[in-house]
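Spelled out from the first residue to the last, the chains are:
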Amino acid sequence: MRSGKKRARSEPGSTKQPRSKYSDNPPDFASLASLYPSFKPFVFFSGSRARIDWTDYNATRELTRVLLLHDHGVNWWIPDGQLCPTVPNRSNYIHWINDLLSSGIIQSLGGDGSKVKGFDIGTGANCIYPLLGASLFGWSFVGSDFTVVALEWAEKNVQSNPHFSDLIEIRDSKVPPQCSSVPEVENTEREKTIQEEAEISATVKSDYHDNKSFIEPAVLLGVVKENETFDFCMSNPPFFETFEEAGLNPKTSCGGTPEEMVCNGGEQAFVSRIIKDSAVLRQRFRWYTSMLGKKANLKLLISKLWEVGVTIVKTTEFVQGQTSRWGLAWSFMPIARKIIAPPVVKKSVLSFMLECIKRQYSAVDVLQSVEEFFKSYCCI
Ligand SMILES: C[S@@+](CC[C@H](N)C(=O)[O-])C[C@H]1O[C@@H](n2cnc3c(N)ncnc32)[C@H](O)[C@@H]1O
């Protein structure tokens, strides 16, 4: 796992996602070991407590495999060295998006709202967000990536789950949308087990770092098709500017190749590119979101968002165990301004709350809302 900022203490406003099944209920290794013999060799006891060695990549990968299978009915695998997601951490982000979608803070795209469609920028070989979103909420997804291994393995992970595979499309962000395609997996390869195929893929080297003239692939513009609309996009971007900076956390081993961990300018540049694209695509997405590894990057990114004319910005902190991540969300949709009336309105005393008033709304806007409120109660 990437070395996340460690939480020294509990900060005000920090959020566990209460709807995530892991928020107060960490995985029970002893019970998983008794149910899944392949996981058992990785579990040991210190005192009465069952543990795994977090510095062993095979142990963390097997934990992710059994958690996805046991808790979500998802079949999953990745080749050696590819970034291994922690299921509780990734679940937090998915639940936050679900909260945003159901909050009613912004107007909807139309439609009946029952079919939610998301776009995962940089889905990785692990394809974790589309797999979780489809299995937890029945969302459909486009998951984009640009490395051969990620595209091939994301597709394999989707096809290993025929019960919802038609909900997820894997898209190459280097290929213009009109000819988007995913490399075909040959029939002979299909006969191998998913683990055998992983060993072969692990030996395939991407040309990313050998190619000096490498051009950053598109993020959203040029990947999103004409006339496509989405309820949200999400991203766990490459956080770091150099692989050295990524400096793998010595206390955990969750793999991660340079393509997964590093991009020019790190996460700030990557999220800035999403912001730039969103300023063009605007209401084609209801919510644009990204995860961040460094809280310090929030300030500048938020100021960029107000500059491009977003209507709302939301942030959150994802806390899982010792690690914190941050969520940033924005929208260009009109705010669904809600006036929350007190439950019982007495004739002589009216009190009310105006929600979601942005700094730039003038006193006149506020007074007009007040007027609407009184009109709605036939007071004027
Ligand atoms: C940190 S990994 C995240 C993988 C997975 N979503 C997760 O949370 O474990 C970042 C991913 O973004 C991909 N990526 C980087 N630039 C991209 C771009 N412009 N378009 C699509 N994917 C990109 C990388 O190849 C990598 O798979």
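Note that the coordinates shown come from a computational prediction; the quantities given were computed from them, not determined experimentally.

**Student:** How should the overall build of the protein be read in this particular structure?
**Tutor:** Check the secondary structure of the protein and you find 12 helices and 12 strands. In the protein, buried positions account for 39% of the 380 residues.

**Student:** It is not clear to me how helix α10 (residues 266-281) should be interpreted in this structure. Could you clarify?
**Tutor:** An α-helical turn contains 3.6 residues, so a residue and the one three or four places further along point in the same direction. Between its terminal C-alpha atoms α10 stretches 23 Å, which fits the 22 Å expected from 16 residues at 1.5 Å a residue. G266, E267, F270, V271, R273, I274, I275, D277 and S278 are the residues of α10 that are buried. Looking at the buried residues of α10, the elements they touch are β4 (117-121), β7 (230-235), β8 (285-292) and α11 (298-307). Positive backbone phi, at 40°, marks R282, one or two positions downstream of α10.

**Student:** What am I meant to see in helix α4 (residues 128-137) here?
**Tutor:** Of all 10 residues making up α4, 7 are buried, and the element is well covered by its neighbours. Among the residues of α4, those classed as buried are I128, Y129, P130, L131, L132, G133 and A134. G138, located one to two residues past α4, shows a positive phi value of around 70°.

**Student:** So what exactly am I meant to see when it comes to the site of the ligand here?
**Tutor:** Near the ligand lie 23 residues; those nearest to it are G122, G124, S173, N236 and E260. Its residues placed into classes, the shell around the ligand shows 11 nonpolar, 8 polar and 4 charged.

**Student:** Please explain unusual backbone geometry as it appears in this structure.
**Tutor:** Outside of glycine, negative phi angles account for most residues, and trans bonds account for most peptide bonds. In the Ramachandran plot, N227 falls in the positive-phi region, its phi being about 70° despite a non-glycine side chain. Turning to its location among the elements, N227 is positioned in the loop between α7 (194-203) and β7. Of note, the phi angle at R282 is positive, near 40°, even though the residue is not glycine. If you trace the backbone, R282 turns up in the loop between α10 and β8.

**Student:** What should I look at first to understand the UniProt feature "binding site: S-adenosyl-L-methionine" (unreviewed entry) in the protein in this one?
**Tutor:** UniProt marks R90, G122, D145 and N236 with the feature "binding site: S-adenosyl-L-methionine" (unreviewed entry), using the numbering shown here. Apart from residues no more than four positions distant in its own chain, R90 is found in contact with P85, I128, Y129 and L132. Ignoring sequence-local partners within four residues, the contact set of D145 consists of G122, T123, G124, A150, L151, A154 and S173.

**Student:** Sorry, what's going on with the nonpolar core here?
**Tutor:** A general trend in soluble globular proteins is that nonpolar side chains are found buried together. Ranked by internal contacts, the top residues of the largest apolar core, which has 74 residues, are I97, L131, A154, F232, C233 and I274. The greatest single-element share of this core, amounting to 7 residues, is contributed by helix α3 (residues 87-103). For C233, the residues in contact, after removing those within four places along its chain, are G118, F119, I121, L220, F285, Y288 and T289.

**Student:** What is the right way to read the environment of G266 from this model?
**Tutor:** Structurally, G266 is set in helix α10. Apart from the residues within four sequence positions on either side, G266 is in contact with F239, F240 and E241.

**Student:** Hey, could you run me through the confidence of the model for the protein in this one?
**Tutor:** Predicted coordinates in areas of low pLDDT are best not read in detail. In this model, the protein carries a mean pLDDT of 81, and residues with pLDDT of at least 70 account for 70%. Within the model, the stretch residues 179-194 combines pLDDT values under 50 with 18 contacts to residues more than four positions away or in other chains. Note on residues 349-354: pLDDT under 50 across the span, and 11 contacts to partners over four residues away in sequence or across chains.

**Student:** I'm lost on the pairing of β4 in this one. Help?
**Tutor:** Within a regular beta strand, the side chains point alternately toward one face of the sheet and then the other, so they alternate between its two faces. For β4, a buried count of 4 out of 5 residues is recorded, marking the element as mostly surrounded by other parts of the structure. The sheet contact formed by β4 and strand β5 (residues 140-145) spans 5 bridges and is parallel. Opposite I121, over in β5, you have S144 as the bridge partner. Regarding the hand of the β-α-β motif, the stretch spanning β4, α4 and β5 is right-handed. Inspection of the sheet shows β4 paired to β7 by 4 bridges, in the parallel sense.

The rules behind the values
Residues numbered from 1 in each chain as written. Predicted model: local features only at pLDDT ≥ 70, side-chain atom pairs only at ≥ 80, totals over all residues. Helix = DSSP H or I, 4+ residues; strand = E, 2+ residues; numbered from the N terminus. Buried ≥ 20, exposed ≤ 12 C-beta atoms within 10 Å, placed from the backbone. Expected span 1.5 Å × (residues − 1). Contact = placed C-beta atoms within 7 Å. Near = placed C-beta within 6 Å. Nonpolar A, V, L, I, M, F, W, Y, C, P; charged D, E, K, R; others polar. UniProt positions renumbered as here; feature names shortened; annotations may be inferred. Core = buried A, V, L, I, M, F, W, Y, C linked by C-beta atoms within 7 Å. pLDDT = per-residue confidence, 0-100. Pairing = 2+ DSSP bridges. Right-handed = clockwise from strand over helix to strand, strands pointing away.

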